[in-house]
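So the chains spell out like this:
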Amino acid sequence: MSIQPTSSSTRLETASSPPDALGPWRQILVLLVLATLVRVPYLWDTRALDGDGLSYCVIARALATGRYHGIDPFWMSLFSFWQAPFQMFTHHAILAAIMSTLLPSVLIVIPVVFLSRALFDVRVAWLAGVACCLHPMLVEYGCNGMQESSYILLYTLATWGLTWALWRDDLAAAFLAGLAFGGFVGVRNEALAAFLVTLPLLFVGARASKVALGRKAAQAFLMVLGFAIVLGAYIGGSLATTGHACFFQKASNLSKKSADWLDKSASAREFYGAHGKLHGGGPGEKMTLLDKVETLAYRWPLNLRVELYRFSIVIAPCFLFLLPLFRRGWLPPGTRLEQTLPLAFQIAFPLLFYPVVQVEARYFLPALVPLLIFGAAAFLALFDALSDPMRRKGLVGVTAFAFVGLTCAYLTYRAIHVGGSVADDRKMAKWMAVHVPPQDCVLYGVYGAGKVACFLSHRQTYPGLWTDNLAAFQPFARAHGAQWVLLYEQTLRQIDPAVLPALDHGLPGFELAYQMRDFENERIQLYHLIDAAPGASAPASGASAPAPGASAPAPGASAPAPGASAPAPGASAPAPGASSPAPTASP
């Protein structure tokens, strides 16, 4: 795969590549259609937002409707401003949120095609592009309202611009890279580290002449300028709407000792416990700089171990492309080292940096795109090394069958699982919409368990707590103006097993209002506070709720007034006697 750069084209041709009949934009158009067609069936079965996606949706809806008061800076990001226009043109909040993530997940194929054609050839662009269209993680996070698809696209655009600047000595490409990095940092603030470490790559391979160094300095200036324009606009917009810069609001993760996926229970205790960061620690609990350094030194190797397991699952469908990397000659001979460094760094940064912050498989997704590109190139290098046409056809057939088969199987599994969870939440939401008064607040479970049901029922919520003492729920609920507690057996079993006895024997200070079984036959229970605040009436003790959609409410329960607007889902509950949060439009 020898590279022959041409002066009249914006891409690289290869001697072994087939004739490029379609051209880059026609190739991109075909891949855009394929990516859309793959995501439509998945959306048809799910049509749901993830727990964090609900928080982004609420803020975007508030921005779209001009209700800036009460926006939580903790959940604010540039993604909220991106989603706000989608929310302006539809009354269906969930549909708008999904469209705001679906679009960037489809557009990822554009920088993938240009990067693949620049560094390798048109065949690599086809293979890597199809892989990005089909990869289950990219499909799922393009359909769940989360901000991952947006920052994957932005990081890949930044890598494309930086690669273009290194290859063609292009000033406009450096400016594009700066704009994309500004957007990336606006969505995920900790990506500032990626920008600061990547910027010096512009000077890699620079000649000693003053002209070359001057050109590199001009590129660096334009890259910083583009970065400052986007990030400055985001901070300015945040100050104008919320009164906060909304930058590095989630820095509390740096002081956590537990690895989420190594010990979920310990992590939840630290984050959601009565003295956790989410609910505010007591006096004297702030960590010194030395404490934070010791914590990070303790946590990083633990998180790294978890990462090796979690990320191996994320890239499992890529193994067929990655195995041939061990063959010599998988990179084109004409490719200079500095041309591949931005793409290689996009793999290294998430894998090395995020164990310091927090281990989540979704944080590693930006590394997936360059892995698919490099893996596709390696696969084709192995393909070119086979002289026997039958062996070539067999390799292609087995690889295509295995990749498509694994992809379809996993996507089907995820669609069924997510669709089942959403069906449970919809069932619970229908009951809550009839029997939970609209002014009442519901405590949902740790890590967002039950948040979707509260969102769909238009009821205000407050995050629950991790505790090994069942008696702690009543004072906690009263302190935060909540009258209801939602318990999910599956979540409790994984994260807070000390609360499981409540499902059999009841929750002290509460009475069971409704119980149902989820699609995995686990229990979901909704409890009502005994002697709740005036205006919120409790159902009969131990009474079983009517089936979802039943017309008659529980005795004494007030149904929502027709046309009444609901409080903002996910908003903090007011203290008793305080005014309710600003309402939001129904999804």
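On to the pairing of strand 6 (residues 510-517), then. Across seven bridges, strand 6 lies against strand 7 (residues 523-529) in antiparallel orientation. Within the sheet, the bridge partner assigned to Y514 lies in strand 7 and is L526. Here strand 6 folds back onto strand 7, and the loop between the two strands holds five residues, one of which, N521, carries a positive phi near 65°.

It is worth spelling out helix 1 (residues 23-46) at this point. An ideal rise of 1.5 Å per residue puts 34 Å on 24 residues; helix 1 measures up with 35 Å between its terminal C-alpha atoms. Looking only at helix 1, the buried set comprises G23, P24, Q27, I28, L31, A35, V38, R39, Y42, L43 and T46. Those residues of helix 1 that are buried lie in contact with helix 4 (93-107), helix 5 (109-119), helix 6 (122-134), helix 7 (136-140) and helix 17 (389-435). Immediately downstream of helix 1, the backbone of R47 shows phi near 50°, a positive value.

We now examine the pattern of salt bridges. Inspection of every chain in the model, using the stated rule, returns eleven salt bridges. The salt bridge partner of R362 is D52, with a shortest N-O separation of 3.2 Å. With a gap of 310 residues between them, R362 in the loop between helix 15 (337-357) and helix 16 (368-385) and D52 in helix 2 (residues 51-65) connect regions that are remote in the sequence. Judged on exposure class, the residue R362 and its partner D52 are both buried.

Quick look at the packing of helix 2 against helix 3 (residues 78-88) now. Relative orientation of the contacting elements helix 2 and helix 3 amounts to 65°, with a least axis distance of 7 Å. Here the hand of the crossing between helix 2 and helix 3 comes out right-handed. When helix 2 is examined against helix 3, the residues Y56, C57, I59, A60, R61, L63 and A64 are found in contact with a partner set consisting of F79, S80, F81, Q83, A84, Q87 and M88. Looking at the contact of helix 2 with helix 3 residue by residue, the classes come out as ten nonpolar, three polar and one charged.

Applying the stated criterion across every chain yields a total of 26 aromatic pairs. Taking 6.3 Å as the distance between ring centres and 85° as the angle between the ring planes, the aromatic pair formed by F120 and F374 counts as edge-to-face. Of this pair, F120 sits in the loop between helix 5 and helix 6 while F374 sits in helix 16, and the two are 254 residues apart along the sequence. For F120, a relative accessible area of 0% corresponds to the buried category. Here F374 falls in the buried class, since its relative accessible area comes to 8%. Their ring planes at 85° and their centres at 6.4 Å tell us that Y155 and F349 sit as a pair that is edge-to-face. Remark: F349 occurs in helix 15 and Y155 occurs in helix 8 (residues 148-168); sequence separation between them is 194 residues. An aromatic cluster is defined as three or more aromatic residues linked by ring pairs; in this entry it consists of Y151, Y155, F181, F184, F195, F227, F345, F349, F353, Y354 and Y363.

On to the side chain of S238. If you trace the backbone, S238 turns up in helix 11 (residues 210-242). Once residues within four sequence positions are removed from consideration, S238 is found in contact with M76, F81, G243, H244, A245 and C246.

Take the environment of A218 next. In this fold, A218 is placed in helix 11. By relative accessible area, A218 is classed as partly exposed at 28%. Sequence separation between A218 and A174 is 44 residues, and the spatial gap between their C-alpha atoms is 9.0 Å.

A few words on the nonpolar core. Looking at soluble globular proteins, one finds that nonpolar side chains tend to be buried together. Counting residues in hydrophobic clusters, the biggest one holds 111 residues, and the most contacted among them are F181, F184, M223 and I373. In terms of residues, this core owes the most to one element, helix 8, which gives twelve residues. Setting aside its immediate chain neighbours within four residues, F184 contacts Y151, L154, Y155, A191 and A194. Of all hydrophobic cores here, the second largest spans 21 residues; its members include L443, Y462, Y527 and L529.

Tracing the backbone through its elements, the reader meets R39 in helix 1. The buried charged residue R39 lacks any salt bridge, with E140 as its nearest oppositely charged partner at 11 Å. Discounting chain neighbours no more than four positions away, the residues touching R39 are L102, S105, V106, C132, C133, L138, V139 and C143.

Right, let's get into the pairing of strand 5 (residues 484-488). Among the five residues of strand 5, five are classified as buried, and the element is accordingly described as predominantly covered. Judged by which residues are buried, strand 5 turns out to be covered on both faces: W484, L486 and Y488 on one side and V485 and L487 on the other are all buried. Looking at chain direction, strand 3 (residues 441-444) and strand 5 are connected through two bridges and run parallel. Paired with V442 across the two strands is W484, which belongs to strand 5. Where strand 5 and strand 7 come together, five bridges link them in antiparallel fashion. From the neighbouring strand, V485 faces strand 7, where its bridge partner is Y527.

About the criteria used
Residues numbered from 1 in each chain as written. Predicted model: local features only at pLDDT ≥ 70, side-chain atom pairs only at ≥ 80, totals over all residues. Heavy atoms only, no water. Pairing = 2+ DSSP bridges. Helix = DSSP H or I, 4+ residues; strand = E, 2+ residues; numbered from the N terminus. Expected span 1.5 Å × (residues − 1). Buried < 20%, exposed > 50% of the residue type's maximum accessible area, 1.4 Å probe, protein only. Contact = heavy atoms within 4.5 Å. Salt bridge = Lys/Arg side-chain N within 4 Å of Asp/Glu carboxyl O. Axes fitted to C-alpha atoms, helices over the stretch in contact; angles between N-to-C directions. Left-handed = near helix turned anticlockwise from the far one by under 90°. Nonpolar A, V, L, I, M, F, W, Y, C, P; charged D, E, K, R; others polar. Phe/Tyr/Trp six-rings, centres within 6.5 Å; stacked < 30°, edge-to-face > 60°. Core = buried A, V, L, I, M, F, W, Y, C linked by side-chain atoms within 4.5 Å. Lys, Arg positive; Asp, Glu negative; His and termini not counted.

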